[in-house]
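This is what each chain is made of:
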Amino acid sequence: MGLIGRAMGMGQAAGAIGEAAQGLSEVFVANATRAMELDAEIHRATMETAGAEFQYAGSGLFDRAINGLNRLPRPMLALGTLGLFVYAMVDPAGFARRMVGLKAVPEPLWWLLGAIVSFYFGARELHYTRAAPRVGGLLRRGGLRQAPADDPVAVNPALSAWRNGAADQAPSNSARETSPRSQ
């Protein structure tokens, strides 16, 4: 505390008043920093729990069978959709009857199906994003190093290209259409 504060006698009293005001304000408005710290602790504990669950993954017949089943939904959805097109061409009357049956499915059930498919593919994308190799703190995708989304210069394509060593190359049409910012 400076000389002026001591001369006015405000040293410890001002500090006590400030602490009291902070404590009183936290009664009405939560401390955002502490809330973020608690959220980070919960996230870390959750990730540690999930990691411990898969620490001793077996490679037996059952585990291989379940891993095989986990790989089926994407090909089944893709081939099933193509199969619907073939079915519509081969038997239009039967296809029309099946579509009338689908129209009878209640809307909340469609929402549930959409949520399940979204969570499945979203979790898969998140898994591969987290497992993506990083070089020098930058995410490497498709041979191009990209700045992380929270990087303040990530919104500047020219600066990102310069940082990636691509400034001396002439930009092509495809380079102008895509942004180097990671999403």
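Residues numbered from 1 in each chain as written. Predicted model: local features only at pLDDT ≥ 70, side-chain atom pairs only at ≥ 80, totals over all residues. Heavy atoms only, no water.

Visitor: Talk me through the overall build of the protein chain; I want residue IDs and the actual numbers.
Guide: Within the protein chain one finds nine helices and three strands. For the protein chain, the succession of helices and strands along the chain, N to C, is α-α-α-α-α-α-α-β-β-β-α-α. Counting every position in the protein chain, which comprises 183 residues, the buried fraction comes to 7%. By sequence separation, contacts in the protein chain at least 24 residues apart represent 32% of the contacts at least 6 residues apart. (Helix = DSSP H or I, 4+ residues; strand = E, 2+ residues; numbered from the N terminus. Buried < 20%, exposed > 50% of the residue type's maximum accessible area, 1.4 Å probe, protein only. Contact = heavy atoms within 4.5 Å.)

Visitor: Any chance you could break down the packing of aromatic side chains for me, citing the residues and the numbers?
Guide: Counting across every chain of the model gives one aromatic pair. For the pair Y87 and F95, a centre-to-centre distance of 6.0 Å together with 70° between the ring planes defines the contact as edge-to-face. Under the relative-accessibility criterion, Y87 is labelled partly exposed at 27%. (Phe/Tyr/Trp six-rings, centres within 6.5 Å; stacked < 30°, edge-to-face > 60°.)

Visitor: Give me the lowdown on a nonpolar patch on the surface, citing residues and values where you can.
Guide: A cluster of nonpolar residues, F62, I66, L69, L72 and M76, forms a patch on the protein surface that exposes about 520 Å² of accessible area. Looking at which element gives the most residues to the nonpolar patch, the answer is helix 4 (residues 61-70), with three residues. Here M76 shows up in helix 5 (residues 73-90). Classification of M76 by relative accessible area gives exposed; the value is 56%. (Patch = residues over 30% accessible without salt bridge, like charges linked within 9 Å, V, L, I, M, F, W, Y side chains within 5 Å. Areas by Shrake-Rupley, 256 points an atom, 1.4 Å probe, with all protein chains shown as cover. Salt bridge = Lys/Arg side-chain N within 4 Å of Asp/Glu carboxyl O.)

Visitor: Any chance you could break down the packing of helix 5 against helix 7 (residues 107-130) for me, citing the residues and the numbers?
Guide: For the pair helix 5 and helix 7, the least separation of the axes is 12 Å and the interaxial angle reads 130°. If you check the angle between helix 5 and helix 7, you find them oblique. In the packing of helix 5 onto helix 7, the handedness of the crossing is left-handed. Where helix 5 approaches helix 7, its residues P73, R74 and L77 are matched on the opposing element by Y120, F121 and R124. (Axes fitted to C-alpha atoms, helices over the stretch in contact; angles between N-to-C directions. Parallel < 35°, antiparallel > 145°, perpendicular 65-115°, else oblique. Left-handed = near helix turned anticlockwise from the far one by under 90°.)

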